[in-house]
Amino acid sequence: MAKIKVNETEISISKVNGEDYICITDMLRAKDGDFFVTDWLRNRNTMEFLGVWERVYNPNFNYGEFAIIRNQSGLNSFKISVKEFVARTNAISLQAKAGRYGGTYAHKDIAFEFAMWISPEFKVYVVREFQRLKDEEQKLIGWTAKRELSKINYRIHTDAIKENLIPAEVTPEQAAMKYADEADVLNIAMFGITAKQWREANPDKKGNIRDYASINELICLSNMENLNAVFINDGMSQSDRLIKLNQIAIQQMRILEDTNGRKLLK
């Protein structure tokens, strides 16, 4: 359960079948006076919008039953709850939840229109805060992907080093130096510098060179770890491996950047 804060109003956001639903009950606290979701739902313009949205996104929407409800909307005597609306029309635009995070939730498309009912200014801030939340989620996904990608071929790479490059009789310190040396083969092939050189050039930064790599660079590094393991198992010298890996890095980065560019142009 995520939350955004618009002015002093905290608003819950829930995932339903992979879609974002925003708590419009929470939004009501930003509207002056005593209002309820049913006050918004009885409005004919609201009903028209819900009907169009459901027709586009919900193949199981009971449009016949909805037509009856729509014809009654706007009358002084008309009143319908979210639960009744959903039950009668099989709507997916709204959900009434019970429990700790109870309240009426609306698909983000609907919730933004509800925010407009509260005030145009409120809608602007809701959309802005919602987008900020989505941007933060994407950053988190990217960070997680980076960390996972860095682990994909790590075991394959270290096993190849252990089996082919580290003699049986060495100290743990000597083995660690060899692992670091081979890690720097990849660093030089990818970034042109060793881990130590990066730290010396960036004393104000925490972590290591790979923590600041782009997602494309980490994809390439992951592939190179696997390839370097193959080259080690084949008995290729370190100098030859470095030249080959650098060529591969240049080629793969060109492809990855070109692919991303084409996607952005679509």
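This part is about the pattern of salt bridges. Tallied over the full model, the rule gives 14 salt bridges. Among the salt bridges present, the one from Glu113 reaches Lys123, with a minimum N-O distance of 3.4 Å. Taken together, the positions of Glu113 in helix H6 (residues 108-118) and Lys123 in helix H7 (residues 120-152) put the pair 10 residues apart, joining distant regions of the chain. A residue is classified by how much of its surface remains accessible, and Glu113, at 31% relative accessible area, is partly exposed. Where salt bridges share partners, they join Arg128, Glu129, Arg132 and Glu136 into one cluster.

Here we come to the environment of Tyr63. On the secondary structure map, Tyr63 appears in helix H4 (residues 63-72). Here Tyr63 falls in the partly exposed class, since its relative accessible area comes to 29%. Separated by 26 residues in the primary sequence, Tyr63 and Thr89 place their C-alpha atoms 6.8 Å from one another.

All right, on to the nonpolar core then. Counting 34 residues, the largest nonpolar core has Ile24, Met27, Trp40, Leu41, Phe85 and Leu94 as its most contacted members. Ranked by the residues each element gives to this core, the list is headed by H6, at 6 residues. Here Ile24 is in contact with Val37, Trp40, Leu94, Thr104, Tyr105, Ala106, Ala111 and Phe114, once residues within four sequence places are set aside. Counting 15 residues, the second largest nonpolar core, distinct from the first, contains Ala213, Cys220, Met253 and Leu256.

Rules used in this analysis
Residues numbered from 1 in each chain as written. Predicted model: local features only at pLDDT ≥ 70, side-chain atom pairs only at ≥ 80, totals over all residues. Heavy atoms only, no water. Salt bridge = Lys/Arg side-chain N within 4 Å of Asp/Glu carboxyl O. Helix = DSSP H or I, 4+ residues; strand = E, 2+ residues; numbered from the N terminus. Buried < 20%, exposed > 50% of the residue type's maximum accessible area, 1.4 Å probe, protein only. Core = buried A, V, L, I, M, F, W, Y, C linked by side-chain atoms within 4.5 Å. Contact = heavy atoms within 4.5 Å.

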